[in-house]
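Residues per chain, in single letters:
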Amino acid sequence: MTEEIIFAGFGGQGVLSMGQMLAYAGMIENKEVCWMPSYGPEMRGGTANCITIISDKMISSPIISRFDTAVALNQPSVDKFESRVKPGGTIIYDSTNILTPPTRTDITIYAVPGSEEANNLKNLKVLNMIILGAFVQARKTVEPATVMKALTSVLPERYHHLLPINQKAFEVGMSHIHN
Amino acid sequence: MGEIKLMKGNEALSEAMIRAGCDAYFGYPITPQSEVLEYLAREATNRTGMVILQAESEVAAINMIYGAAGCGKRVMTTSSSPGISLMQEGLSYIASAELPCVLANVNRGGPGLGTIQPAQGDYNQAVKGGGHGDYQLLVLAPCSVQEMVDFVKLGFELAEKYRGPVMILTDGAIGQMMEKVELFDQMPRKTDVPDWATTGRKKGQDRTYITSLFIEPEVMEKVNLKLQAKYKQMRETEVRYQTLNLDDAEYIFTGYGLGARICMKAMEIGREKGYKIGMIRPITLFPFPVDLYASIAPKVKAILDVELNAGQMVQDVILSTMGKTRVEFYGRMGGIIPEPEEILEYFEKQIIGGAK
C-alpha cells in the first residue's frame with residue numbers, strides 16, 4: 001500500500017499540520033512516511049500545500065506530481081490539483097468555500113461542508129481536523145484512533161484543553177463520508 | 001534500536017550534531033537552513049553545554065570554526081549556497097592547516113542571491129574545490145532525513161580520521177521535509193585533545209603551531225604532497241554508493257541526493273512499463289565511485305544522469321565511463337524540481353526513441 005496525497009489551501013487554514021499529523025500517525029503505525037511542505041513566499045498568506053506519502057515500503061521521491069488523493073480547502077487548490085489526481089483517485093474538498101466543484105468522472109469526489117461545520121462547532125480553526133476526519137474515513141490510510149494519538153503527541157501540553165474540540169471535529173468530518 | 005522521531009531534515013541534522021558530542025556551532029542564518037540555528041539555540045546548550053554562536057557573517061563563522069578546530073574541538077557550521085560561497089577562503093585555509101570540521105550546505109537555487117528553493121548547482125563548488133589551491137573536501141550527499149543524521153556522525157569520524165574538512169552537500173527540500181528517523185544515542189563530548197591542538201605549551205614539549213602559510217616552495221610542496229596522499233587514501237577506502245536493480249539493468253539512472261530520490265521514482269514507473277532500469281547513487285561525491293561506473297558502463301545501453309543543475313556530476317560520470325557507454329543528462333535549474341514523469345518522458349524520447 002502506498003498513498004500519495006496533496007493537502008492544499010490558503011496559508012493559515014492548517015493545511016501543513018493536516019499532512020504532518022497524518023505522517024505522524026503513519027509513523028506510529030510503523031509505516032514509512034514522508035512530508036514535504038511548499039515553503040517560501042507562498043507560505044506568507046498565499047496558497048500553501050504539502051505532499052504526504054504513507055507507504056508499507058521505502059518511499060522513493062518525496063516530490064511527486066500525480067496523487068492518489070487531493071485534499072483541497074480553497075478554489076485555487078481544486079483548480080490546480082484536480083487534473084493531477086490519478087484515474088481512480090479521490091478528491092476531498094471543502095464545499096462551503098469551493099463554489100466551482102471538481103467535475104471529473106473517473107475519480108471519487110467527496111464534498112465536505114468543512115467551514116460550515118467548523119462554524120457550527122464555534123471554532124473555525126478546527127476546519128483542518130474536520131477535513132482530516134473525512135480523509136481518514138474515506139481512505140482508511142491510518143486508524144482514526146492513531147490520528148488522535150498523533151495530535152496528543154504533537155500538541156504541546158498547554159494546548160491539551162483543545163483536544164476534545166479537535167476530537168469532536170475529527171468525528172464530525174468522519175460522519176460526512178459514507179462509503 | 002535508537003529513538004524514532006518524525007523530523008525535518010534541518011532539525012535532524014541539528015539533533016545529530018548535539019548527539020555526536022559536537023563542542024561548538026558557529027553560523028549565520030539563511031533560508032532554507034535557518035531551522036538549524038533555531039533548533040540548536042533552543043536545545044543544545046542545556047543538554048550538552050555545546051557552544052552555539054550566531055556570528056556576524058559567514059566569513060566570521062568559518063574563521064571561528066578554523067580557530068575552534070585548531071584548539072582540537074569538534075565543530076560544525078551550516079549555511080546555504082551564497083553563505084557557503086563566503087566561506088570558501090576559510091575552507092581552503094582549514095584544508096591547508098589540516099583541521100577537522102564538518103559543514104553542511106543546504107543548497108538553494110543560484111547563481112547569485114538566487115532563490116530559496118532547492119537546487120544542486122553547488123556540486124562543482126563542493127567537489128572540485130570552491131576555494132583556491134589543490135585541496136579537496138570529503139563530500140557526503142544525503143538523500144533522506146535519516147542520512148542527515150547518519151552523515152553528521154560519519155562526517156565527524158571522517159574529518160577526524162583525515163584531519164580535514166568534510167562537507168554534507170544537501171538541499172532545501174531535504175532540509176525542509178519530514179521523515180521518520182532513528183537517532184543514535186547521545187555520545188559524550190570529547191575530553192582529550194589531539195597533540196597538534198593549540199591549547200598552550202606543555203612542559204617539556206615543543207610549541208604547537210597551526211598555519212596555512214608556507215613561504216618556502218619546498219615546504220609548500222611537501223604540504224601539498226601530504227594532502228594529495230590523504231586524498232589518494234580517501235579514493236581507495238572511502239568511496240560509498242547505493243545501487244538498485246543492477247542485475248538485469250539495460251539502462252542506468254543516476255543522480256545524488258534529492259535528484260536520486262526522484263530518479264528512483266522514475267525508475268519505478270519505468271520498470272512498470274517494462275524498461276530494465278537500474279540505479280546508481282553516489283553517496284560520497286568526493287571520492288567519486290569511479291570504478292563502479294567504469295565496470296557498469298560496458299554492460300548497459302545508456303546512463304541517464306539527472307541533477308537539479310545544468311549538468312555538473314555528469315562530467316564525473318563521463319570521465320568514469322571513458323566512452324564505454326552513452327551518457328545522457330537531464331536537469332532543471334533555478335529551484336525547479338524535475339518530476340519523475342518528465343524524467344521518464346525524456347528517457348523514452350532521447351534514449352529509447354532516439355537509439356543510435
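This text goes with the structure placed above it.
So, here's what we can say about the structure. (Residues numbered from 1 in each chain as written. Chains lettered and ligands numbered in written order. Predicted model: local features only at pLDDT ≥ 70, side-chain atom pairs only at ≥ 80, totals over all residues. Heavy atoms only, no water.)

**Description of the side chain of R326 of chain B**
Residue and element names in this part refer to chain B.
Then step 1. For R326, the location among the structural elements is in strand β14 (residues 326-331).
Then step 2. On the accessibility criterion, R326 (18% relative accessible area) is buried.
Then step 3. A distance of 2.8 Å separates a polar side-chain atom of R326 from the backbone oxygen of Q350. (Helix = DSSP H or I, 4+ residues; strand = E, 2+ residues; numbered from the N terminus. Buried < 20%, exposed > 50% of the residue type's maximum accessible area, 1.4 Å probe, protein only. Polar contact = N/O pair within 3.5 Å; in protein donor to acceptor, adjacent residues only side chain to side chain.)

**Considerations on the packing of helix α10 (residues 257-272) of chain B against helix α13 (residues 340-353) of chain B**
Residues and elements named next belong to chain B.
Then step 1. Taken N-terminus to C-terminus, the directions of α10 and α13 make an angle of 60 degrees; their axes are 8 Å apart at the nearest point. As the angle between them shows, α10 and α13 are arranged oblique. Remark: the crossing between α10 and α13 carries right-handed chirality. Taken together, the residues of α13 that come into contact with α10 (itself represented by I262, K265, A266, I269 and G270) are P340, E341, I343 and L344.
Then step 2. Residue composition of the contact of α10 with α13, by class: six nonpolar, one polar and two charged. (Axes fitted to C-alpha atoms, helices over the stretch in contact; angles between N-to-C directions. Parallel < 35°, antiparallel > 145°, perpendicular 65-115°, else oblique. Left-handed = near helix turned anticlockwise from the far one by under 90°. Contact = heavy atoms within 4.5 Å. Nonpolar A, V, L, I, M, F, W, Y, C, P; charged D, E, K, R; others polar.)

**As for the packing of aromatic side chains**
Residues and elements named next belong to chain B.
Then step 1. Applying the stated rule across the entire model yields ten aromatic pairs over all chains.
Then step 2. Relative to F347, the ring of Y275 has its centre 5.3 Å away and its plane inclined at 80 degrees; by these criteria the two rings are edge-to-face. Of the two residues, Y275 is situated in the loop between α10 and β11 (277-282) and F347 in helix α13; the sequence distance between them amounts to 72 residues.
Then step 3. For the ring pair F288 and Y293, a centre distance of 5.3 Å and an interplane angle of 0 degrees mean the geometry is stacked. Y293 shares its class with F288; the two are buried.
Then step 4. Put simply, the rings of Y251, F253, Y275 and F347 pair up and form one aromatic cluster.
Then step 5. When the ring centre of F184 is taken as origin, the NZ or CZ atom of K153, which lies over that ring, is 5.3 Å away. (Phe/Tyr/Trp six-rings, centres within 6.5 Å; stacked < 30°, edge-to-face > 60°. Lys NZ or Arg CZ within 6 Å of the ring centre and 35° of its normal.)

**Details of the sheet that holds strand β6 (residues 138-140) of chain B**
Residues and elements named next belong to chain B.
Then step 1. Here we have seven strands laid out as an open sheet, ordered β3-β2-β4-β5-β7-β6-β12, and mixed in their pairing. Sheet topology places β3 (51-54) and β12 (284-286) at the edges, where each strand pairs with a single neighbour. Strand-to-strand twist of the sheet, defined as the mean angle between neighbouring strand axes without regard to direction, takes the value 20 degrees.
Then step 2. Along the sheet, helix α1 (residues 9-19) makes contact with β2 (24-27), β4 (75-79), β5 (101-107) and β7 (165-171), crossing β4 at roughly 170 degrees. (Pairing = 2+ DSSP bridges.)

**Side note on the interface of chain A and chain B**
Then step 1. On the side of chain B, 25 residues touch chain A, which itself brings 26 residues to the contact.
Then step 2. Remark: the boundary between chain A and chain B carries two salt bridges.
Then step 3. Between E32 of chain A and K180 of chain B there is a salt bridge, with its nearest N and O atoms 3.7 Å apart.
Then step 4. Connecting chain A to chain B are nine residue pairs in polar contact (both at pLDDT 80 or more).
Then step 5. For the side of chain A that touches chain B, the secondary structure elements donating two or more residues are α1 (15-28) and β2 (32-37) of chain A.
Then step 6. Counting residues per element, the side of chain A that touches chain B draws most heavily on β2 of chain A, which supplies six residues. (Salt bridge = Lys/Arg side-chain N within 4 Å of Asp/Glu carboxyl O.)

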